[in-house]
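Examination of the molecular architecture
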Amino acid sequence: MNWRLSINKFEMPKMGPWTQRLMLSSVLVVGLFGISTRKTNGPAAPSQPADGPGGANYLHAEVTMRDSASETDGYWLFEPASPKPDSAHVIVFMHGYGALNPMAYGGWIKHLVRKGNIVIYPRFQRDMWLTPTEQFPANAAKGIRDALKALKTGDHVRPIDGPLIMIGHSYGAATAAYLAVKYKQYGIPQPKGLLLCAPGTGPMNGAKLDDYRNMPADTKLLIVNSNDDQVVKESFQRTIFNTAVNTPNRNFLKLYADEYGTPGVKAHHNACYSLDVSFDNGIRNPTIYRSYLVGQTNAVDYYGYWKWGDALIDCVRAGENCEFVFGNTVQQKSLGAWADGKKIKELEVWLP
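Residues numbered from 1 in each chain as written. Predicted model: local features only at pLDDT ≥ 70, side-chain atom pairs only at ≥ 80, totals over all residues. Heavy atoms only, no water.

Next up on the list: the pairing of strand β6 (residues 164-169). Counting buried positions along β6 yields six of six residues, so the element is predominantly enclosed. Here β6 pairs with strand β7 (residues 191-197) via six bridges, running parallel. Across the sheet, the residue bridging to L164 is P191, located in β7. Following the backbone out of β6, through helix α4 (residues 171-186) and into the adjacent parallel β7, one traces a crossover that is right-handed. (Buried < 20%, exposed > 50% of the residue type's maximum accessible area, 1.4 Å probe, protein only. Helix = DSSP H or I, 4+ residues; strand = E, 2+ residues; numbered from the N terminus. Pairing = 2+ DSSP bridges. Right-handed = clockwise from strand over helix to strand, strands pointing away.)

Okay, the pattern of salt bridges next. As enumerated under the stated definition, the model contains nine salt bridges in all. For K142, the salt bridge identified is with D146, shortest N-O distance 2.7 Å. Of the two residues, K142 and D146 both sit in helix α3 (residues 136-150), four residues apart, roughly one turn of that helix. A salt bridge links R238 to E234; its shortest N-O distance comes to 3.0 Å. Note that R238 and E234 are positioned in helix α5 (residues 234-243) at a spacing of four residues, about one turn of the helix. Look at E234 and you get partly exposed, because its relative accessible area is 28%. Among the charged side chains, a salt-bridge network with shared partners connects E234, R238 and K254. (Salt bridge = Lys/Arg side-chain N within 4 Å of Asp/Glu carboxyl O.)

Across all of its chains, the model carries one disulfide by this definition. Bridging C315 to C322, the disulfide has an S-S length of 2.1 Å. Given an S-S torsion of about 100 degrees, the disulfide between C315 and C322 has right-handed geometry. Judged by relative accessible area, C315 falls into the buried class, the value being 4%. Overall, the relative accessible area of 24% leaves C322 in the partly exposed class. Here C197 stays free of any disulfide, with the sulfur of C272 as its closest cysteine sulfur at 4.6 Å. On the accessibility criterion, C197 (1% relative accessible area) is buried. Using a relative accessible area of 1% as the deciding quantity, one classes C272 as buried. (Disulfide = S-S within 2.5 Å.)

What follows is the structure, encoded as structure tokens:
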């Protein structure tokens, strides 16, 4: 992988001693809680399938990264390589609050790119403290516009003009839903597919609409709620689902924990994290430290988030594999089975 930034060792960010102690205390509490509830035995979780949505049938062996994120409205680019294609479709990956290091989602980004996609990772906040959330949509949109423009120059893999897919987590998912309604105002292509993982804004109100009835009718929308989420409210997620009344192709999924096997399936706010230190850009903050504790890659990725993302891409672009992402089907809600054959707890599905 080609990087401009070297991989940094795990270091404490610069902060005052009391802030440092508070941050370390919160991280240790989460870490100790996670250790105390982690199973060390039980049947093994399923490994990544060989093919199909979420599968390991990759077209490319490597990923290259371009860092254009020095500004608050910048971006990181991830392009397929080995072999390098002439062109590829584009995915926009919208990070959660403070997740300014793609490492937190590195496994998922690598999966998407090795499947043959370009991934744009907009940076829409300077840090965790100073950028008003009301600026998130404009910052993200500028990053998307600039990235698409840059891809048409130099030695980049050229972007294929076609349906844009957005994958978002937490505040990034809320911002993606906002931009899906107001894309014309912000000068970006219409997002035809949306995968919103634990969307929410917490106590802040930027990038939040009262209703989503103006989301275009041809948008394909999947919202994933984690049952044990203690960070954002399900009520906001239901608002998106219930008010997008002119968007008929939408589903709402609820993920439940299952600790029967090893590693267990978690249903917390950051269940879609997939830590990969080879994507480390050096940025450190409490969000990134948390990703070290909870950023596993396991069945909930292969048979959940990665599967739904791949299937959404196929469904939007080619009308294929829609049963893996919509319709309350077995393919959509199954997370596979433990090594002894017992099924992992399935998701609940709500249809319009």
